[in-house]
Amino acid sequence: MKLFSTMDISASALTAQRLRMDVISSNIANAETTRDKYVDGKWQPYTRKMVALQPNTSLSFDTVLNQYTADTSYVAGVRVSKIVEDKTPFKQVYQPNHPDADENGFISLPNVDILKEMVDMISATRAYEANVTALNSTKSMLMKALEIGK
């Protein structure tokens, strides 16, 4: 196993979770945005975005496990495959005095649920913290290994 492959794996996860937190922050910031895209002659509200993660390899877990113990050059990790828009319908709210209200007095609000976003943010934060802990543990082990030579 490469000396720094564990750090590479943690670094890929830190990068992915950081992007996930940025997207969640954008969702929260735009939870009330009624004019985001101009489509078919009218304004559309902001659409919630989600981050799709995937492993850096297309191999199965069993193959990865066997390769990891046999092949010393193997490095895995995670990466962001794409950012997708949520297909949940927009919320319809009756506000006849709003400038974006339709002829029936309804406005379309983004499909962002603040509670879902907060749960996702907590999950991303915990994953980020776990990878920081793993990175620090690896660094500590490497430092202890260097002290053996003294």
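Each remark here, short or long, concerns the structure printed above.
Summarised in this report is the structure supplied together with it. Because the structure is a prediction, the values reported are computed rather than measured. The residue numbers shown here count from 1 along each chain, following its written sequence. Under the rules for a predicted model, residues below a pLDDT of 70 receive no local features and side-chain atom pairs below 80 are neither given nor counted, while totals for whole chains, interfaces and linings still include all residues. Note: side-chain values were computed over all heavy atoms of the structure, leaving out hydrogens and water.

Quick look at the overall build of the protein chain
Then, in step 1: Elements are defined by DSSP. Helices are runs of H or I of four residues or more, strands are runs of E of two residues or more, and each kind is numbered from the N terminus. For the protein chain, the count of helices and strands is 3 helices and 6 strands.
Then, in step 2: When the helices and strands of the protein chain are read in sequence order from the N terminus, they spell out α-β-β-β-α-β-β-β-α.
Then, in step 3: Going through the 150 residues of the protein chain one by one, you find that 25% of them count as buried.
Then, in step 4: Of the contacts formed within the protein chain by residues at least 6 apart in sequence, a portion of 66% connects residues at least 24 apart.
Then, in step 5: Every accessible area reported is derived by Shrake-Rupley at a probe size of 1.4 Å, with residue values counting cover from the shown protein chains alone. Total accessible area computed for the protein chain in this model is approximately 9900 Å², and 58% of it derives from carbon and sulfur atoms. To sort residues, take the accessible area from a 1.4 Å probe on protein chains only and compare it with the maximum for the residue type: under 20% means buried, over 50% means exposed, and anything in between is partly exposed. What makes two residues a contact is simply this: any of their non-hydrogen atoms within 4.5 Å.

Digging into helix α3 (residues 114-148)
Then, in step 1: Here the expected length of a helix is defined as 1.5 Å per residue gap, with one fewer gap than residues. Taking 1.5 Å of rise per residue, 35 residues should cover 51 Å, and α3 covers 51 Å from first to last C-alpha, within 8% of that figure.
Then, in step 2: When we look at burial in α3, the residues that qualify are Glu117, Met121, Ala124, Asn131, Thr138 and Leu142.
Then, in step 3: Of the surrounding elements, those touching the buried residues of α3 are α1 (5-29).

Side note on the environment of isoleucine 9
Then, in step 1: Within the secondary structure layout, isoleucine 9 lies in helix α1.
Then, in step 2: Separated by 126 residues in the primary sequence, isoleucine 9 and leucine 135 have C-alpha atoms spaced 9.0 Å apart.

Quick notes on the packing of α1 against α3
Then, in step 1: The contact between α1 and α3 brings their axes to 9 Å, and the two run at 160°. For the element pair α1 / α3, the angle class is roughly antiparallel. Read as a crossing pair, α1 and α3 show a hand that is left-handed. A fitted line through C-alpha atoms represents every axis, and for helices the fit uses only the stretch in contact; the resulting angles, taken between N-to-C directions, go from 0 to 180 degrees. Convention used here: angles under 35 degrees read as roughly parallel, angles over 145 as roughly antiparallel, angles from 65 to 115 as roughly perpendicular, and any remaining angle as oblique. Two helices that cross are described as forming a left-handed crossing if the nearer one is turned anticlockwise from the farther one by less than a right angle, and a right-handed crossing if clockwise.

What to know about the pairing of strand β6 (residues 106-109)
Then, in step 1: Only one face of β6 is covered, namely the one carrying Ile107 and Leu109; the face carrying Phe106 and Ser108 has none of its residues buried.
Then, in step 2: Strand pairing requires that DSSP identify at least two bridges connecting the strands. By the bridge criterion, 4 bridges tie strand β5 (residues 91-94) to β6 in an arrangement that is antiparallel. Looking at β6, one finds that valine 93 is bridged to isoleucine 107.

A look at the packing of aromatic side chains
Then, in step 1: Each Phe, Tyr or Trp ring, with Trp reduced to its six-membered ring, pairs with another whose centre is within 6.5 Å; inter-plane angles below 30 degrees give stacked pairs, above 60 give edge-to-face pairs, and intermediate values give tilted ones. The full count for this structure, using the stated rule, is 2 aromatic pairs.
Then, in step 2: With centroids separated by 5.3 Å and ring planes inclined at 70°, the aromatic side chains of tyrosine 38 and tryptophan 43 adopt a geometry described as edge-to-face.
Then, in step 3: By relative accessible area, which is 41% here, tryptophan 43 ends up partly exposed.
Then, in step 4: Arranged with centres 5.4 Å apart and planes meeting at 65°, the rings of tyrosine 94 and phenylalanine 106 form a pair that is edge-to-face. Of this pair, tyrosine 94 sits in strand β5 while phenylalanine 106 sits in strand β6, and the two are 12 residues apart along the sequence.

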